[in-house]
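Chain by chain, the residues run as shown.
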Amino acid sequence: MDNGPRPNPEELLLHTEWMLAMAVSLVGDRSRADDIVQGAWTAAVESPPRSRVALGAWLHGVVRNLSRQSHRQESRRRRREAIVAKSELQFDSAEELVARAELQRVIIDSVLSLDEPYRTTVILRFFEDRTPHEIANRDAVPVKTVWTRLSRALQQLRSRLNREYGDQDQWRSILIPFIGAPAATTAGLTTSASASASVSTAPTTTAATSTLLTTTLGSAFVMSKLTLGISCVALVAVGLAIGHFTSPRPAAVPGHMIAVDKEAYSDLQSERQRLEAELIAARSKHEEQRTAAAQLAADGETLQAELDAANAANAALVANARPETTETPSPLPVAFGKYADLDGVKNANWEELASAVANMTAILFEVTKLENSGQDLPAGYQQEIIKENQKLLTYLAGVATHIDSHALHNGEYTHPVTLTNILGAMLDQRELPLDDQQRRRIVEHGESFETEYDRLQTTYDGDTPHQRKILDELTLKRSTMRSIEDELSSEQRSVVVKPWLHDRIEVDPRSPVQMLAMTVRSFAHNSPAELRAALPTVISKLYQIPPEKLVGLDAAYDRYMVAVESLLDPIPATEMVKFFPIDAAIVAGEAFSDLVGDVWALPSVDDEARQRILHTPRWFVPRIRE
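Each value, and the rule that gives it
- Each chain carries its own residue numbering, running from 1 in the direction its sequence is written.
- Two thresholds apply to this predicted model, a pLDDT of at least 70 for residue-level local features and 80 or more for giving and counting side-chain atom pairs, whereas whole-chain, interface and lining totals are computed over all residues.
- The basis for every side-chain value is the complete set of heavy atoms in the structure, and neither hydrogens nor water enter the calculation.
- Salt bridges are counted wherever a side-chain nitrogen of Lys or Arg sits within 4 Å of a carboxyl oxygen of Asp or Glu.
- Counting from the N terminus, the helices are the DSSP runs of H or I reaching at least four residues and the strands are the DSSP runs of E reaching at least two.
- For the exposure calls, accessible area comes from a 1.4 Å probe over protein chains only, and a residue counts as buried if that area is under 20% of its type's maximum, exposed if over 50%, partly exposed in between.
- Only when DSSP finds a minimum of two bridges between them are two strands counted as paired.
- Contacts are assigned to residue pairs that have any heavy atoms within 4.5 Å of one another.
- Every axis in this analysis is a line fitted to C-alpha atoms, fitted for helices over the stretch in contact. Angles between the N-to-C directions lie between 0 and 180 degrees.
- A pocket, in this scheme, is an open set of points on a 1 Å grid over the protein atoms alone with protein on both sides within 12 Å along at least 5 of 7 lines, while a cavity is a set where a 1.4 Å probe fits but cannot get out; residues line either one if an atom lies within 4 Å of a point.
- Grid points are joined across faces, edges and corners, and a volume is the space filled by probe spheres set on the points.
- Under the grouping applied here, Gly and all other residues not named as nonpolar or charged are polar, the nonpolar ones being Ala, Val, Leu, Ile, Met, Phe, Trp, Tyr, Cys and Pro and the charged ones Asp, Glu, Lys and Arg.

(A) Summary view of the pattern of salt bridges. Going through the model one piece at a time under the given rule, you end up with 24 salt bridges. For K338, the salt bridge is made with D404, and the minimal N-O distance between the two is 3.9 Å. You can see K338 sitting in the loop between α14 (262–321) and α15 (343–346) and its partner D404 sitting in the loop between α17 (381–399) and α18 (416–429), a full 66 residues away along the chain. Assessed through its relative accessible area of 41%, D404 is described here as partly exposed. Where salt bridges share partners, they join R478, R482, D503 and D583 into one cluster.

(B) Highlighting unusual backbone geometry. E116 connects to P117 through a cis peptide bond whose omega is 5 degrees. The residue P117 is located in the loop between α5 (94–113) and α6 (118–127) in this model. Its identity as a non-glycine residue notwithstanding, T401 has a phi of 70 degrees, on the positive side. On the secondary structure map, T401 appears in the loop between α17 and α18. Located in the positive-phi region is D503, a residue other than glycine, with phi close to 60 degrees.

(C) Local environment of the sheet that holds strand β1 (residues 521–525). Across the sheet, which stays open at both edges, the three strands sit in the order β1-β3-β2 with parallel pairing between neighbours. Of all the strands in the sheet, the pair left with one neighbour each is β1 and β2 (570–571). Two strands pair when backbone bridges link them, and β2 and strand β3 (residues 620–625) are joined in this way by two bridges, in the parallel orientation. Bridge pairing in β3 places P570 opposite I624. Along the sheet face, helix α22 (residues 528–543) touches β1 and β3 and points at about 135 degrees away from the line of β1.

(D) A look at empty space enclosed by the protein. Counted by the stated rule, this structure contains two cavities of 30 Å³ or more. Here the largest cavity is characterised by a volume of approximately 70 Å³. Around the largest cavity, the lining residues are V357, T361, M426, V495, V496, K498, H502, D508 and R510. Approximately 40 Å³ is the volume found for the second largest cavity. Contributing to the lining of the second largest cavity are K338, Y339, D404, H415, F449, E450, Y453 and D454. Each residue belonging to the lining of the second largest cavity can be placed in one class, and the counts come to three nonpolar, one polar and four charged.

Everything listed here is a matter of coordinates, which is why it stays silent on function.
Structure, rendered in structure tokens:
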């Protein structure tokens, strides 16, 4: 059948507005609607209608047919995703749970690393649950500006997730539990940290001990970030995975256009009735939720009143027990470098921080002894650690993002200006203070650290892996803190250096190694041969490189084994392999950095894999079980 003359662009543009409105009303998605209108234009140019008069009605039918096809395709896609989501939710492995936790951490850190005003806009929208209009009024900007900031912020977050996890479908599948989780679940996450302090703890088995220790220095040090992240990660996940919350509302379809085609009009009416029924059901559900929320608010007010009364009674008891005093920050024991005048540093209560570190060290010392001997932990240990750790979190909240560091966790806490002043305050409490000569030498070490750290930054370029930067920072911090400890007398060292715990991850709260918490892990095997055999799989999974592209690395793997040979003595069964020392972390990091350099040089490794290598900060510490 012959086609008619092609319509000119100006004539097609006259129909654009109602075509787009109709497509949006049929598919409910602006992006898909744009594709449908584009398809209709293509059809009009390639196979135009025979009659120019019938162009409007012909386009009406084309848009309707394309919308039906799009709806069927979208339905099939959703069913496939639902099947995958259900499978993943029912059969999560340990690796998938770890991957999800890591993705949560990446979302949290990505939100905190956004530039202003994007970071504040995301926090106000998702953490404080403010509407775009409220944010616009607060910042004195148009509402459209707020939408633009949110859209750009989410695009930056998606880009980072694509770099970290590769294909978007991979991290979207990990986010499914957050996208589909009921409100009660999300709310429960926001209160889990506070609730843990009030739950009575039964005697803990040895198997649970590792969880206790992990939450002390691995994750507890970064709870100031998790307080933000856990409460809003589900909402941010929705924005990341769906990505259409910023789309404008569809425009109404003009009445005279609906009358062009009776069949089309009938279809639109049916769709309208269906949407109205869904709207009524949604409003009913919303009203139920409003009623439940009002009841929760009333219960909350009652509990708040009871809490206020209890606080007032407690304040009265304290006032009667001792005279009122005005607390002032303890003086900075050792002042040096560009961060000594930072408010969070100079106003910190160093005496309280020193007490917290000393108490945690004593508790962790007992925990490791009990765990190594296979004994159960007494009730109350976890609450004690949480209580002391909260004091460190208060300090960390005051300096977070203000002290330079490449570490993903505890970078500010492990800066020499922090660790040295905790050391000085601990010695003051034991009446073994630093003398003037010691303070002068320690200041020199601290200033040398900052000079060398700044010099290192000038040596990095766009091809320097994140892992290399963290390793350099850790090595420099270790050298600086050991130089400072060398200035102490033997009596002073006995106060701050505990041989069983010194410079071990998760159990020494006064060590630079804590900057590796949740980033670097032990890599335990039963023999060096088993470790060597596992290396190709480790590299393939870590950087998402197919095994067939990693050929020709046998010599590189052998060099790695030689470099870590000093770490391959069997670990006694009574010692936890995950509590690796700082020296082992540095040896393993250097060996891993060299191995990754050989991977980078492979011709078969593409640019996307190289980007993953650049932005993946992780490495592993090999440990051989006895």
